[in-house]
Amino acid sequence: MAIEHRDATGVPYVCKTRFQRLSNMSLERSHALAYMLPAAILHLAGGGAAKVRRESAQEGHLSRGDAAGCGPFTPLPAGVSAGAWEEPCVGAVDTMMSIRQRKGVRAADALGDGAPEPKLPSEGRASRRFWKILSFTVGGAVALCAGLLTSVYLATLHENDLWFSNIKEVEREISFRTECGLYYSYYKQMLQAPSLAHGFRGLMYDNKTESMRTINLLQRMNIYQEVFLSVVYRALPIQKYLEPVYFYIYTLFGLQAVYVAALYATSWLLSGTWLAGLLAAFWYVTNRTDTTRVEFTIPLRENWALPFFAVQVAAITYFLRPNLRPLSERLALLTIFTSTFVFSLTWQFNQFTMLVQALGLFALDSLGMLPAAKATWLYSIQVTALLLVCALQFFNSMILGSLLISFNLSVLIARKLQKNLKTGNFLHRLGKLLLHLLVVLCLTLFLNNMIKRTLNLRSDEHIFKFLKAKFGFGATRDFDANLYLCEEAFGLLPWDTFGRLSDTLLLHAYVLVLGVTATMALAAALHHLSDSPAQGHTGRCAVSLGPDTAYNLTHTVAFGALALSTMRMKYLWTPHVCVFAASGLCSPEVWGSLLKVARLHTPARVCVVRRAVPLLTLLCLGCKFWPGVMDELSELREFYDPDTVELMHWINSNTPRTAVFAGSMQLLAGVKLCTGRTLTNHPHYEDSGLRARTQAVYQVYARRPPEEVHALLRALGADFVILEDSICFERRHRRGCRLRDLLDVANGQGSMMDGPGENEAGLQPAGHPRFCEEIRRGLPAYAALFTRVFQNKTFHVYRLQKHVAGPPAPSASGQTR
């Protein structure tokens, strides 16, 4: 006698009586044994032991064992992703057989056999524990190896590209270009200080980074990592064996191991198999051009911060898994807070990155796809970490006026104001959602505006000017905004990026996984909007998307949009593309959905395909890219910049230690690192006063009379000015984007731009020739104020005459003060 039942999705299935199951026991056991051998082979790559299946009366979603063909139907709790469960085939077979043995004994009792019921055998439980330990050990070892190999690979590329171990110390320091050299100079300064106390005092009362000003570097810049490394280096007995520069760069390359391990862990958590983590790490390396630039910009702030951001994403992914034990949840929260804090402490643009992250969390929270309590924890951690960093940076104004703090506070306030947001029918919930968005937006703008007005904050105004001009909200002649707009790094993502991602099969896999997951997310979101918890479940959702998968979906979409609009932001997106694509290729949900659409779905096929496809992909990538990797490792180059080396030697030998130098931001960072001289300006651009200084110094490349340029430079205390032919006669940028063109436009004098093209309306002819060109001629008006003391093929250094009577110093825009 067969009894028909229906599962949570409405599909009928047949439950046989106890007598019929007993009569078919031997046949079922033979089938189970047939599954055990191939399942055991696949299990090692699948990772994790079988969890005991849990019955639930809530709306049904198949567990991973069912999707993979490893067991009978078992519904999971609503909202639980199958990716959160690890149920490999061999463990499921053990569970199935032990359950059937107990049922068979109960059937014999019903027949009156009278035999005592045996106890639950421990062999299946021990087997599952063994597989879990073995899989975790192997997966962890592979993660460690992948991280260390990536670190060694990148360090070797850096060594081979510069011959870093053989070049002089000054050449090593020059190789830290632009702001990288500025940050490294503080590490060097701390090591050269007589004591740690003197070092800290020198950073807190610095008068060499900006002439005629004393600034607190710990407040202005994110250099606690340099301070920490200098303290550790002085404390450890390694000075005789390891040079300071190697201790510094090896730390950065070591963080790349942490980075890759975190990407590996995130992919493993999403898919349930460490095979996905291995594929993600492999993609990260083969797409190195688009995933990292650490090998040639080592001290850059993002190279310190992004490994901890990846750790934070992995911890959030784990935290959003359902049914966590209290201890596991607390450890996840601690990891999230620690990684968020370190990430915020090491990068000045942390607030903008976490704002994008918070917007994704807000979207999921509003749609009911994220537990409200966990979302509140994440909002609170972001604000707390940022405020703690603000305190450590002596209440940095850029942090206090950040949109992130205003937004997160607005979300928490709006949630208190709007009760029962997730109740009602579809139209009511949609209306409440739109009202909620409006309230949060208005409250965010109000709070941010009030904070900035109260504290008179202007640190980040150049970023908003840039965004306004970039997205077409009016043309601008602002020098700072145009300086960003004309840089390739802040333009749109080039099309050749997609070609490189396609060559490694990453883009194809990503588009496939993104399409399937986004479809599932849309269906789940519509279900949540139309099904009110307060009114009971009025419908059934055929698909389910766990909070961890939903978060990573919004993460990749949000940062993908950011990368498409600004090329420099691709380093936040492409590593997560590797994670998302790899986890999707190993996901039973993705393959189950695709095979159902193709009408080829069987549990066994899903179980095989989700392991066979990533293995074949790894094999293909290995065969294709292994020769190229070997060629890269065997290609040897050498650092060569004799003009800059000659300039630094001359400055050290022929100028006093107290001399003040003016010049381009990029060059002056190297001057400070290699010579220790005082600067008028530098590349850390997040200060309104510094931006004004930089524009004033750059007038040496504008059409200004020598008297005005001299007055501007002397007002900043400059003793020497360095002119670069590569800027004065620049041809790298298009017309209108060369530095001299930006200065002319900002000064209202752009009607005489050289090169083909039309001039902007409203600009006036300049009354003077370009300063950097005319000073080379040695005319009396210039020679009376500037004396050339050094020149080579690239640089010209002029000493300013100090005692010259003349008109008051004009402003950078040409107005007399």
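The model shown is predicted, which means the values in this text are computed figures rather than measured ones. Here the residue numbers are simple positions, counted from 1 along each chain's written sequence. Selection of residues for local features in this predicted model requires a pLDDT of at least 70, selection of side-chain atom pairs for listing and counting requires 80 or more, and totals for whole chains, interfaces and linings are taken over all residues. Hydrogens and waters are ignored; side-chain quantities use all the structure's heavy atoms.

A. View of the pairing of strand β6 (residues 786-791). The sheet contact formed by β6 and strand β7 (residues 795-800) spans five bridges and is antiparallel. When the bridges of β7 are listed, Phe 786 appears paired with Leu 800. Paired strands, in this sense, are two strands between which DSSP finds at least two bridges. Secondary structure follows DSSP: runs of H or I at least 4 residues long count as helices, runs of E at least 2 residues long count as strands, and numbering of each begins at the N terminus. Here β6 folds back onto β7, and the loop between the two strands holds three residues.

B. View of the state of the cysteines. The term disulfide is used for any two cysteine sulfur atoms that are within 2.5 Å. For the coordinates displayed, the defined rule picks out two disulfides. The partner cysteine of Cys 486 in its disulfide is Cys 737, sulfur to sulfur 2.1 Å. The sign of the -70° torsion about the S-S bond sets the Cys 486-Cys 737 disulfide as left-handed. Taken together, the residues span a long stretch of sequence, with Cys 486 in the loop between α22 (479-485) and α23 (496-503) and Cys 737 in the loop between α33 (725-728) and α34 (739-746) at a distance of 251 residues. The exposure class of Cys 486 is buried, given its relative accessible area of 11%. For Cys 728, the disulfide goes to Cys 772, at an S-S distance of 2.0 Å. Negative torsions about the S-S bond denote left-handed disulfides, and the value of about 80° found for Cys 728 with Cys 772 makes this one right-handed. Of this pair, Cys 728 sits in helix α33 while Cys 772 sits in helix α35 (residues 771-774), placing them 44 residues apart in sequence. Classification of residues uses two cut-offs on accessible area relative to the type maximum, computed with a 1.4 Å probe and protein chains only: under 20% is buried, over 50% is exposed, and between them is partly exposed.

C. Looking closely at the packing of helix α7 (residues 178-192) against helix α8 (residues 196-204). With axes taken as lines fitted to C-alpha atoms, and helix axes fitted only over the stretch in contact, angles between N-to-C directions fall between 0 and 180 degrees. Two elements in contact, α7 and α8, have axes whose closest approach is 8 Å; the angle formed by their N-to-C orientations is 145°. Along its contact with α7, which presents Tyr 186, Gln 189 and Met 190, the element α8 presents Leu 196, Gly 199, Phe 200, Gly 202 and Leu 203. In terms of residue class, the contact of α7 with α8 is made up of five nonpolar, three polar and no charged. Contact definition: two residues touch when any of their heavy atoms are within 4.5 Å. In this count, Pro and Cys sit with the nonpolar residues alongside Ala, Val, Leu, Ile, Met, Phe, Trp and Tyr, while Asp, Glu, Lys and Arg are called charged and the others, Gly among them, polar.

D. Main features of the pattern of salt bridges. Here, a salt bridge means any Lys or Arg side-chain nitrogen found within 4 Å of an Asp or Glu carboxyl oxygen. Scanning the entire structure with this criterion turns up 26 salt bridges. Across the pair Arg 288 and Glu 295 runs a salt bridge whose closest N-O atoms are separated by 2.7 Å. Taken individually, Arg 288 and Glu 295 each receive the classification buried, so the pair is uniform in this respect. Here Glu 635 and Arg 637 are joined by a salt bridge, their closest N and O atoms 2.8 Å apart.

E. Summary view of the packing of helix α19 (residues 403-417) against helix α20 (residues 426-455). Put simply, α19 and α20 touch, their axes get as near as 8 Å, and they point 135° apart. Of the possible angle classes, the one that applies to α19 and α20 is oblique. Crossing of α19 against α20: the hand is right-handed. Contacts between α19 and α20 pair Leu 403, Ser 406, Phe 407, Leu 409, Ser 410, Val 411, Ile 413, Ala 414 and Arg 415 from the former with His 436, Val 439, Val 440, Leu 443, Thr 444, Leu 447, Asn 448 and Ile 451 from the latter. For the contact of α19 with α20, the residue count by class is eleven nonpolar, five polar and one charged. If an angle is under 35 degrees, it is roughly parallel; if it is over 145, roughly antiparallel; if it lies from 65 to 115, roughly perpendicular; otherwise it is oblique. Note: crossing handedness is left-handed where the near helix turns anticlockwise from the far helix by less than a right angle, and right-handed where it turns clockwise.

Don't take any of this as a statement about function, it's just geometry.
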